Amino acid sequence: MNRSTTVIAIGIALALAGTAGNGTPTPLGAQEVGPANGSLVVVGGAMQDLGIVRRFIDLAGGPDAPIVVIPTAGGAAEYDQFYPGLRQFRAAGATNLTVIHTNDRDEADSEAFVRPIQEAGGVWFPGGRQWRIADSYLDTRTEEELHRVLERGGVIGGSSAGASIQGSYLIRGDTQTNTIMMGDHEEGFGFLRNVGVDQHLLRRNRQFDMLEVMEAMPDLLGIGIDENTAIVVQGDEFEVIGESYVVIYDTGAQIDTGGDFYFLAPGDRFNMATREARRLANTPRPLDRVQRRPGG
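Glancing now at the side chain of Ser 244. With respect to the helices and strands, Ser 244 occurs in the loop between strand 11 (237-242) and strand 12 (246-249). Taking relative accessible area as the criterion, Ser 244 reaches 9% and is therefore assigned buried. Polar contacts involving the side chain of Ser 244 include one to the side chain of Asp 226, which spans 2.6 Å. Among all residues touching Ser 244, those that are not within four sequence positions of it are Leu 202, Asp 226, Glu 227, Asn 228, Thr 229, Leu 264, Ala 265 and Pro 266.

Listed below in structure tokens is the structure:
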């Protein structure tokens, strides 16, 4: 594959038939990639922008909505209600926060463990190693209840490891090192179907790493998210928020520079089902420098 460093930095937004009150696309009909109901907030790590946190809180139902934080990726044996990761949520106005954690899959299958999730408007996964989330919660009642949060219109969010776990293909899921793209854990929660999510992208100079995955899995949609940057997903569409860029890896795209990926900036929108980006200016129009390949 061409590893040209010439890529397209673009500012895009999707022309929508309808939007939710917060400006995020409203899901319409059956979804191919994203959730049919509810929202996702997928952050590339090192989250400092309280605007991202506030967006998550709003989608959860507001400052008083019950929010569950699951810091299992961090690797500690225990977490309690004094977990430091709650500070950002409190600073952004959240008042109803609960921390749950287990490394025991039997506990993750129990009624007592999932009860806070059943009552939550939002669930958040902080950073660490994404395989730890998979080991504890995949194919358990906890995972079932996470999907139900979305079904009832809630929000699932996460940063770094909490971003990658939301895709169907688990990027950097190896238990030995986070430099292996296709490791010994390859299954995520699948809130985003046929999608792999990488994080800390530009800050850690990772923008070429996804090409290995795309070569092995050319039908996959690769999404790379830089630090302090997020995508807010509803249905098959997302909006970029935060301070940096999101990178799209799509073997069906024909980029006029010949590059292997292209950039989305804050405010840009992307349809993951059609794999099309739009720029919302005075007149909504498609991006003219990225086309679909024949049959792509």
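Attention shifts here to the packing of aromatic side chains. Applying the stated criterion across every chain yields a total of 12 aromatic pairs. Between Tyr 79 and Tyr 83, the ring centres sit 5.5 Å apart and the planes meet at 85°, which makes this aromatic pair edge-to-face. When its relative accessible area of 21% is taken as the criterion, Tyr 79 is described as partly exposed. For Tyr 83, a relative accessible area of 15% puts it in the buried group. With 6.2 Å between their ring centres and 40° between their planes, Phe 261 and Phe 263 make a pair best called tilted. Accessibility classification places Phe 261 together with Phe 263 in one group, the buried group.

Burial along strand 5 (residues 122-125) is two-sided: Gly 122 and Trp 124 and Val 123 and Phe 125, pointing in opposite directions, are all buried. By the bridge criterion, three bridges tie strand 3 (residues 67-69) to strand 5 in an arrangement that is parallel. When the bridges of strand 5 are listed, Val 69 appears paired with Trp 124. Bridging between strand 5 and strand 6 (residues 155-159) involves four bridges; their strand directions are parallel. Paired with Val 123 across the strands is Ile 156, a residue of strand 6.

Another point: the nonpolar core. Counting residues in hydrophobic clusters, the biggest one holds 48 residues, and the most contacted among them are Val 123, Ile 223 and Phe 238. Excluding anything up to four places from it in sequence, Val 123 contacts Phe 56, Val 68, Ile 70, Ile 117, Leu 146, Val 149, Val 155, Ile 156 and Gly 157. Of all hydrophobic cores here, the second largest spans 24 residues; its members include Phe 56, Val 155, Ala 230 and Ile 241.

Turning next to the environment of Tyr 245. Relative to the helices and strands, Tyr 245 resides in the loop between strand 11 and strand 12. Once the C-alpha coordinates of Tyr 245 and Gly 44 are considered, the two residues, 201 residues apart in sequence, prove to be 9.5 Å apart. Excluding its chain neighbours within four sequence positions, the residues that come into contact with Tyr 245 are Leu 202, Gly 224, Ile 225, Asp 226, Thr 229, Phe 263, Leu 264 and Ala 265.

Reading guide: rules and limits
Residues numbered from 1 in each chain as written. Predicted model: local features only at pLDDT ≥ 70, side-chain atom pairs only at ≥ 80, totals over all residues. Heavy atoms only, no water. Helix = DSSP H or I, 4+ residues; strand = E, 2+ residues; numbered from the N terminus. Buried < 20%, exposed > 50% of the residue type's maximum accessible area, 1.4 Å probe, protein only. Polar contact = N/O pair within 3.5 Å; in protein donor to acceptor, adjacent residues only side chain to side chain. Contact = heavy atoms within 4.5 Å. Phe/Tyr/Trp six-rings, centres within 6.5 Å; stacked < 30°, edge-to-face > 60°. Pairing = 2+ DSSP bridges. Core = buried A, V, L, I, M, F, W, Y, C linked by side-chain atoms within 4.5 Å.

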